[in-house]
Amino acid sequence: MSAHPVAAGRVLPTLNEDGSRNWIRPRVSPGPWWRRRQVIAYVLMFVFFAIPHVRIMGKPAFLMSFPKREFTLMGYTFLPTDTLLFMLLLASGVIGIFLLTALFGRVWCGWACPQTVYLEFLFRPIERLLEGGYVGSRKLDREKKFWGGRRILKYAIYAVLSLFLAHTFLAYFVGTEELAVWVRQSPWEHPKSFMVMAITTIAIWYNFTYFREQTCLIACPYGRWQSVLLDKQSVIVAYDYNRGEPRGHQNASSTASAGDCIDCKACVTTCPTGIDIRDGLQMECVHCTQCIDACDSIMDKVGKPRGLIRYSSQEALAGKPRKLLRPRVVLYPLALSLSLGALLFAMASKESADVTVLRGMGAPFVEEANGQIANQIRIKIANRGNSEARYTINVDGARSGRVIAPENPLVVQGGTTRETSIFVVMPRDAFENGERAISVNVKDGARFSNSIPWRLQGPSAASGNNGSATGSATGSAGTNSAAPAEGRP
Ligand code: SF4
Ligand code: SF4
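Criteria and thresholds
Residues numbered from 1 in each chain as written. Chains lettered and ligands numbered in written order. Predicted model: local features only at pLDDT ≥ 70, side-chain atom pairs only at ≥ 80, totals over all residues. Helix = DSSP H or I, 4+ residues; strand = E, 2+ residues; numbered from the N terminus. Rg over C-alpha atoms; globule rule 2.2 N^0.38 Å. Buried ≥ 20, exposed ≤ 12 C-beta atoms within 10 Å, placed from the backbone. Contact = placed C-beta atoms within 7 Å. Pairing = 2+ DSSP bridges. Near = placed C-beta within 6 Å. Nonpolar A, V, L, I, M, F, W, Y, C, P; charged D, E, K, R; others polar. pLDDT = per-residue confidence, 0-100. Core = buried A, V, L, I, M, F, W, Y, C linked by C-beta atoms within 7 Å. Axes fitted to C-alpha atoms, helices over the stretch in contact; angles between N-to-C directions.

### Comments concerning the overall build of the protein chain
Within the protein chain one finds 15 helices and 19 strands. Over its C-alpha atoms the protein chain spans a radius of gyration of 32 Å, topping by over 25% the 23 Å that the globule rule assigns to 489 residues. In terms of overall dimensions, the protein chain has a C-alpha envelope of 110 × 60 × 45 Å along the principal axes. Buried residues in the protein chain amount to 28% of all 489 residues. For the protein chain, contacts bridging at least 24 residues in sequence account for 69% of all contacts bridging at least 6.

### Here we look at the pairing of strand β14 (residues 417–426)
Taken together, the ten bridges between strand β10 (residues 373–383) and β14 define a ladder with antiparallel strand orientation. Following the sheet pairing, Asn 375 is matched in β14 by Val 424. Sheet topology note: the strand β12 (residues 402–405)/β14 ladder contains three bridges and is antiparallel. Directly across from Arg 402, in β14, lies its bridge partner Val 425.

### A word on the site of ligand 1
What surrounds ligand 1 is a group of 14 residues, the closest being Cys 271, Ile 277, Cys 285, Cys 288 and Cys 291. Looking at side-chain class alone, the shell around ligand 1 contains nine nonpolar, five polar and no charged residues.

### Thoughts on the environment of Pro 32
Relative to the assigned elements, Pro 32 resides in helix α1 (residues 32–50). Sequence-wise, Pro 32 and Gln 290 are 258 residues apart; in three dimensions their C-alpha atoms are separated by 9.7 Å.

### Side note on the confidence of the model for the protein chain
For residues with low pLDDT, the predicted coordinates do not support detailed interpretation. With 90% of its residues at a pLDDT of 70 or more, the protein chain shows a mean pLDDT of 87. Considering only residues more than four positions removed or in separate chains, one finds that residues 466–484, a stretch of pLDDT under 50, has 48 contacts.

### Observations regarding the site of ligand 2
Surrounding ligand 2, one finds 15 residues, the nearest of these being Cys 261, Cys 264, Ala 266, Cys 267 and Cys 295. Those elements giving two or more residues to the shell around ligand 2 turn out to be α12 (266–269) and α13 (290–302). Element by element, the count of residues in the shell around ligand 2 is highest for α13, at three residues. Broken down by class, the residue content of the shell around ligand 2 amounts to eleven nonpolar, one polar and three charged.

### Side note on the nonpolar core
With 29 residues, the main nonpolar core has Ile 379, Ile 381, Ile 393, Val 424 and Val 440 as its most contacted residues. Broken down by secondary-structure element, the contributors of at least two residues to this core are β8 (353–359), β10, β11 (389–396), β12, β13 (410–412), β14, β15 (435–444) and β16 (448–457). Among the elements that take part in this core, β10 stands out by supplying five residues, more than any other. Leave out the neighbours within four places in its chain, and Ile 381 touches Ala 353, Val 355, Tyr 391, Leu 410, Val 412, Thr 417, Arg 418 and Val 442.

### Re the sheet that holds strand β4 (residues 70–73)
Taken in spatial order, the three strands make up an open sheet running β3-β4-β5, and their pairing is antiparallel. Each edge of the open sheet carries a strand with a single partner, namely β3 (62–65) and β5 (76–78). Going from strand to strand, the sheet's axes swing by 15° on average, the running direction of each strand aside. Across three bridges, the pairing between β4 and β5 is antiparallel. Note that in β5 the partner of Phe 71 across the bridge is Phe 78.

Next up, the structure:
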């Protein structure tokens, strides 16, 4: 008797009815679709390994740097101030996926998702080689030899591959230069980075060794979205029910009315998610096309035309005509064009630098011994260009006082952000109602100029006390004659 309580019916292909794991060991069906996917998978693997090393205009082709709070894509760096741009980029990506799914079903899942690509074309082939293919793996499962000799070797090879994949994956987030430092240093010199790498490696190993297809079945939300993303005209991998049924083994007693499906279950044993495509469109189907190849080879053997399982649509299978113009196919491209158009326009209108002005920390102003009022202003400059720039800082509206700038001009390397503080010292009587309007001007020769209106804080005539307001401003264009800032070594 089973040690597990028995559920009424199977809830997941990877679970037996008693809740124990049903290991899916799909039998490869090496037909034309498999070969096409193989080519695409190995090209994608190469692209995945190469991208962190590719530089465009001196910048990484892709780098999502959390410590620097920057995202670089194809040589363009999105800064923390680029919320709108980033949202438009994300929106374009999501709408693109919606459009792709509406047109071609789960083509991403079956052909390009890293989970499918690495599991089916890297990890499972090694397993088949070491364990003797479908038959050998199932024999080891039946004998419950999860830690058998050949499997230990498989796990060791998986660990090496996972380490390599983890390094490549993290290069997308820290960059290849930083990664090289991590690799060269001892773990004791950078324990946090070492822990990140170790956890990522273990997660990848666990995913491809144990969790496997359950990532698609349980963890990934995309399969659950497909019911709303697909329509009845979307291209899917589908079983031709009208042609196949009634199914049954072909023999001398078969009637002329029998369907083409001989119920050989080749489409089931080859399925990497363990489902039967003859049950209709299912959330678990990743559209990998393996059942097409399996069934086509059976049809060849029994002398029936190929395509009992094929790329089709629900309406085409029901004998309805193909409709090219459908609401989704019109609305998604329209939304995508708008989103991409807005993104490109916003990117083209961006200046070569972003300037953000903030009040100093603590009290908004300080009264000096001679009675003058000093305001600290923090200026953050993000250089969007690829080369070093020297930003000169001036202040308009402070002629009766002085401006102290510890570093002026401020040198900012290409693609980086720096912050400096200036101090504006004004006579007490320069303030009206506790405020004084000035402009902070930032200039880089003829390449960049920005003037930001700002209000200094000072004692109000009524109280003469320190205020407590805080605030910030981001650059906008303006023209004022500037009072130069004093340098301070
Ligand atoms: S049903 Fe067919 S296409 Fe869908 S996952 Fe299984 S083998 Fe792949
Ligand atoms: S492979 Fe084709 S013939 Fe065999 S069970 Fe599946 S659909 Fe039927």
